[in-house]
Amino acid sequence: MKLYSLSVLYKGATKANLLKAAYDLSSFSFFQRSSVQEFMTFTSALIAERTSVGTRASVKEQEYLCHVYVRNDNLSAVVISDSEYPQRVCFTLLDKVLEEFSRQVDSIDWPSGNPDTISYKGLDIHLSKYQNPREADAMTKVQAELDETKIILHNTMESLLERGEKLDDLVSKSEHLGNQSKAFYKTARKQNSCCEIM
């Protein structure tokens with residue numbers, strides 16, 4: 001999972017104006033980086049121009065996903081990621097960047113601003129922080145922990161069965177289960193066995 005580009009633009013009447021951008025092109029060769037950066041800048045502007053005001057969109061281009069959010073005040077942000085990066089985390093990042101940008105940069109500067117005149121340092125920080133969505137986003141972090149717990153529980157049950165004991169044998173030997181519980185288990189086991197795939 002990787003983020004390559006994070007841009008803030010102002011959507012004008014005819015074209016989108018790049019205000020600030022940050023790039024992580026370390027996965028590209030040194031000689032390709034300037035071309036890749038130009039292409040990502042062009043793509044970000046094009047997507048912002050073609051997206052309606054007040055909407056969010058995701059556009060797939062080869063193995064990349066471009067996520068855009070154009071607010072009602074024409075301030076927009078675009079993040080370019082690989083196809084594995086979670087979409088929800090991208091839109092959370094775009095919300096956060098636009099909110100922070102609009103607090104720090106006066107709206108009078110948006111229509112005429114450019115990367116040299118806009119003094120906003122947050123893009124590089126956010127781009128680096130969000131490279132790992134599990135660390136940056138609380139919901140993704142909780143989901144990852146739940147997945148790990150599920151894997152641990154699954155491995156624990158398998159390790160019990162690997163020692164040569166079958167769950168059926170354990171149920172029949174158990175002193176703690178009443179006869180009704182054992183009968184219920186056997187009936188449930190028979191009902192579920194009809195659907196097994198061999």
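Located above this text is the structure these notes cover.
In what follows, the accompanying structure is described. Predicted model only: the values in this text are computed from it and were never measured. (Residues numbered from 1 in each chain as written. Predicted model: local features only at pLDDT ≥ 70, side-chain atom pairs only at ≥ 80, totals over all residues. Heavy atoms only, no water.)

Concerning the overall build of the chain
Moving on, step 1. Helix and strand content of the chain: seven helices and five strands.
Moving on, step 2. In the chain, the succession of helices and strands from N to C terminus is β-β-α-β-β-β-α-α-α-α-α-α.
Moving on, step 3. Taken across its 198 residues, the chain has 37% of its residues classed as buried.
Moving on, step 4. Long-range pairs, those at least 24 residues apart, make up 54% of the contacts in the chain between residues at least 6 apart in sequence. (Helix = DSSP H or I, 4+ residues; strand = E, 2+ residues; numbered from the N terminus. Buried < 20%, exposed > 50% of the residue type's maximum accessible area, 1.4 Å probe, protein only. Contact = heavy atoms within 4.5 Å.)

Comments concerning the packing of aromatic side chains
Moving on, step 1. Per the stated rule, a full pass over the model turns up four aromatic pairs.
Moving on, step 2. Here Tyr-4 and Tyr-64 contribute two aromatic rings whose centre-to-centre distance is 5.4 Å and whose plane-to-plane angle is 85°, an arrangement assigned as edge-to-face. One end of the pair, Tyr-4, is in strand S1 (residues 3–11); the other, Tyr-64, is in strand S4 (residues 64–70), and 60 residues separate them in sequence.
Moving on, step 3. Ring geometry for Phe-101 and Tyr-120: centres 5.1 Å apart, planes at 80°, overall edge-to-face. Note that Phe-101 is positioned in helix H2 (residues 87–104) and Tyr-120 in the loop between H2 and helix H3 (122–129), a separation of 19 residues in sequence. For the pair shown, Phe-101 and Tyr-120 are each scored as buried.
Moving on, step 4. By way of ring pairs, the aromatic residues Tyr-4, Phe-28 and Tyr-64 are connected into one cluster.
Moving on, step 5. A cation sits over an aromatic face here: Arg-56 above Tyr-69, 4.1 Å from the ring centre. (Phe/Tyr/Trp six-rings, centres within 6.5 Å; stacked < 30°, edge-to-face > 60°. Lys NZ or Arg CZ within 6 Å of the ring centre and 35° of its normal.)

Some remarks on the pattern of salt bridges
Side-chain pairs of opposite charge can arise whenever the charged atoms involved come near each other.
Moving on, step 1. All told, the structure shown has five salt bridges when counted by the stated rule.
Moving on, step 2. With a closest N to O distance of 2.8 Å, Lys-2 and Asp-24 form a salt bridge. Taken together, the positions of Lys-2 in the segment before S1 and Asp-24 in the loop between strand S2 (16–23) and helix H1 (33–50) put the pair 22 residues apart, joining distant regions of the chain. Side by side, Lys-2 and Asp-24 carry an identical accessibility label, which is buried.
Moving on, step 3. Among the charged side chains, a network of salt bridges with common partners joins Arg-71, Asp-73, Glu-99 and Arg-103. (Salt bridge = Lys/Arg side-chain N within 4 Å of Asp/Glu carboxyl O.)

Digging into the environment of Ala-21
Moving on, step 1. Within the secondary structure, Ala-21 sits in strand S2.
Moving on, step 2. With a relative accessible area of 25%, Ala-21 lands in the partly exposed category.
Moving on, step 3. Residues Ala-21 and Asp-124, 103 residues apart in the sequence, show an inter-C-alpha distance of 8.2 Å.
Moving on, step 4. Setting aside residues no more than four positions away along its own chain, Ala-21 makes contact with Leu-6, Ser-7 and Leu-123.

Comments concerning the pairing of S4
Moving on, step 1. The buried fraction of S4 is high, at seven of seven residues.
Moving on, step 2. Covered by surrounding structure in S4 are Tyr-64, Cys-66, Val-68 and Val-70 together with Leu-65, His-67 and Tyr-69, the residues of both alternating faces.
Moving on, step 3. By the bridge criterion, seven bridges tie strand S3 (residues 55–61) to S4 in an arrangement that is antiparallel. The residue bridging Ser-58 from the neighbouring strand is His-67, located in S4.
Moving on, step 4. Once S3 ends, the chain turns through two residues before running back antiparallel as S4, passing Gln-62 with a positive phi of about 55°.
Moving on, step 5. By the bridge criterion, seven bridges tie S4 to strand S5 (residues 75–82) in an arrangement that is antiparallel. From the neighbouring strand, Tyr-64 faces S5, where its bridge partner is Asp-82.
Moving on, step 6. Where S4 folds back on S5, the antiparallel hairpin that results is connected by four residues, among which Asn-74 adopts a positive phi of roughly 75°. (Pairing = 2+ DSSP bridges.)

Description of the sheet that holds S3
Moving on, step 1. Strands sit in the order S2-S1-S5-S4-S3 across an open sheet of five strands; the sheet is antiparallel. The sheet is open, and its two borders are formed by S2 and S3, each paired with just one other strand. Mean inter-strand twist for the sheet, computed between neighbouring axes without regard to direction, equals 20°.
Moving on, step 2. Along the sheet face, H1 touches S1, S2, S3, S4 and S5 and points at about 45° away from the line of S1.
Moving on, step 3. Lying over the sheet, H2 contacts S1, S2, S3, S4 and S5, oriented at roughly 145° with respect to S5. (Axes fitted to C-alpha atoms, helices over the stretch in contact; angles between N-to-C directions.)

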